[in-house]
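Below, each chain spelled out in residue letters.
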Amino acid sequence: MQPVKSPNEAPAKTFYIETFGCQMNAHDSEKVIGTLQHQGYTRVESEEAADLILYNTCSIRDKAEQKVFHRLNDYKKLYSQGKRFGVLGCVAQQEGEKIFERAPFVSLVSGSASYRKLPEMLVQLEQGKQHITGLDDRQTEETFETEFTARSNSHRGYITIIEGCDKFCAYCVVPYTRGKERSRTSTSVLNEARRMADAGYTEIQLLGQNVNSYRDPEGKRTFAELLAAVGEIPGIRRVRFTTSHPRDFTHDIVDAIDAVPTLCDHVHLPVQSGSSRVLHLMQREYTRDWYLDRISWVKSAKRPISMTTDIIVGFPGETDADFEETVSLLGEVQYDGVFAFKYSPRPNTPAISMADSIADEDKSKRLQALLDCQREIQRHNYAKHIGQEIEVMVEEYNAARGQVIGRTSQNKTLNFTTKQPILPAKGNYVKVRVTSSFPNSLVGEAV
Ligand code: SAH
Ligand code: SF4
Ligand code: F3S
């Protein structure tokens, strides 16, 4: 039911938010929610119940972008009921005021580099202003820091340490949608991490489009030193970081993982292609061998570190031989997980002027072949855990199977049963003996 508004009363302000895209977007939404709540808004779970509807959007691939416009189309009829709409995130920054042309009922368009101005933009919205924009482009040096973050999990939480990207890979929208690379001070990051530890968080995930390109504006700590410092905060049991860029992946990161047991034994290091020729066309600024050197550092760490990656198949000009090099790289590295995508031409990017030369059908075939090969690698890798005792953090329950869903330090899912009459609570740490495995998960019993 709609809240009844009398003219003398301040209107009840409710909002609905839906988030698309990466972890940075998920965490931005937590900060946007906190900001709105601080401004007197109440979050509701459906568009129907909301006065303000927000979509925090992603434009990394065309499909992601289209989802947003479909959603806006679906809900355009709600506008007549007096609702306001806002488009946030990467599609907002990319399309800017063009969104008002395509969807005139939208009142607010803001990219992530302008969220610090959200309180002012909300006031304008409440005053009835029609078309409000926050489109800072690549000028801003500022990061979005707020004490009002509404984290969705009370045990593990994100901290963004660096925003934006200055790498300009040929295929990628991020440098245009997220602005220039800018880091928070390590003092501010550590203060936030300590506040989280005091509030009972035991796992912290440091975020950045290229998290390891971090440069402390105060010059106090390198990325590896910041990792170690977060890992040494009393109460913190796990620290993760994502996404690392091979160009900025230095040996001291592996040394820090070796030295500080709370740093999780997992590195996500996107390679994109196994062919140096394609890497050059992609403007990744490294070769296959250069990448494999970084992998050899990770493999020679004192404890086994799990590795995962991102791959793009069907980049303009990718030949069968190039693709085979990517498949052979998977075999060489033996990743525990691969996120693979078909190349999608994106506006503003240098690659948009290259012919999208690989037919969609061929991209699909390459993608499938790659995933088939990777499934066998994972089947083998996951089976190596059988018989081991591994500590997991409890995340969820699968009532149908009577299983508890846990996550290992290596970021693997371990579903387990327990003989105890009372199930361990979410956020607890439990030792589990692995009894069997699948290509994407482990199965075990609590010890
Ligand atoms: N900064 C990270 C990646 C962030 S984007 C890095 O450089 O590794 C996340 C992933 O989306 C990328 O790793 C890439 O695999 C994929 N991606 C980005 N642009 C794409 C495009 N135009 N088409 C298909 N996949 C893309
Ligand atoms: Fe995109 Fe490249 Fe920047 Fe990663 S490093 S966000 S792929 S431009
Ligand atoms: Fe998508 Fe923007 Fe993240 S394009 S992947 S939401 S940085």
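Structure: above.
What counts and what doesn't
Residues numbered from 1 in each chain as written. Chains lettered and ligands numbered in written order. Predicted model: local features only at pLDDT ≥ 70, side-chain atom pairs only at ≥ 80, totals over all residues. Heavy atoms only, no water. Helix = DSSP H or I, 4+ residues; strand = E, 2+ residues; numbered from the N terminus. Rg over C-alpha atoms; globule rule 2.2 N^0.38 Å. Buried < 20%, exposed > 50% of the residue type's maximum accessible area, 1.4 Å probe, protein only. Areas by Shrake-Rupley, 256 points an atom, 1.4 Å probe, with all protein chains shown as cover. Lys, Arg positive; Asp, Glu negative; His and termini not counted. Charge placed at Lys NZ, Arg CZ, Asp CG, Glu CD. Pairing = 2+ DSSP bridges. Axes fitted to C-alpha atoms, helices over the stretch in contact; angles between N-to-C directions. Arc of directions from axis to C-beta. Contact = heavy atoms within 4.5 Å. 1 Å grid on protein atoms, 1.4 Å probe; cavity = no way out; pocket = protein on both sides within 12 Å on 5 of 7 lines; lining within 4 Å. Points joined across faces, edges and corners; volume = space filled by probe spheres on them. Domains from an automatic or database assignment.

If you tally the helices and strands in the protein chain, you get 13 helices and 19 strands. Its C-alpha atoms give the protein chain a radius of gyration of 23 Å, near enough to 22 Å, the size a compact globule of 447 residues would have. Expressed as lengths along the three principal axes of its C-alpha atoms, the size of the protein chain is roughly 70 × 60 × 50 Å. Burial analysis of the protein chain (447 residues in total) assigns 55% to the buried set. Of the accessible surface of the protein chain, which amounts to about 19,600 Å², a share of 50% is contributed by carbon and sulfur atoms. The distance from the centre of the 56 positive side-chain charges to the centre of the 59 negative ones in the protein chain is 3 Å.

Turning next to the sheet that holds strand β18 (residues 429–437). Judged by pairing direction, the barrel is mixed, and its five strands sit side by side in the order β15-β16-β17-β19-β18 before closing back on the first. Each strand axis lies, on average, 55° off the axis of its neighbour in the sheet, ignoring direction. Where strand β17 (residues 413–417) lies against strand β19 (residues 441–446), five bridges are found, and the strand directions are parallel. Bridging from a neighbouring strand, L414 pairs with L442 of β19.

On to helix α5 (residues 118–126). Residues L118, M121, L122 and L125 constitute the buried set of α5. In an axial view of α5, the angular spread of the buried residues amounts to 100°, which keeps them on one side of the axis. On its buried face, α5 is in contact with α1 (23–38), β3 (52–57), β4 (84–88), β5 (106–110) and β6 (132–134). Of the residues one or two after α5, G128 is the one with positive phi, at around 90°.

Think of a ball as big as a water molecule: rolled over the atoms, this probe shows where empty space is left. What the rule picks out here adds up to one cavity of 30 Å³ or more. In this structure, the largest cavity encloses a volume near 40 Å³. Mapping the lining of the largest cavity onto the domain boundaries places at least three of its residues in each of domain 1 (13–134) and domain 2 (156–383).

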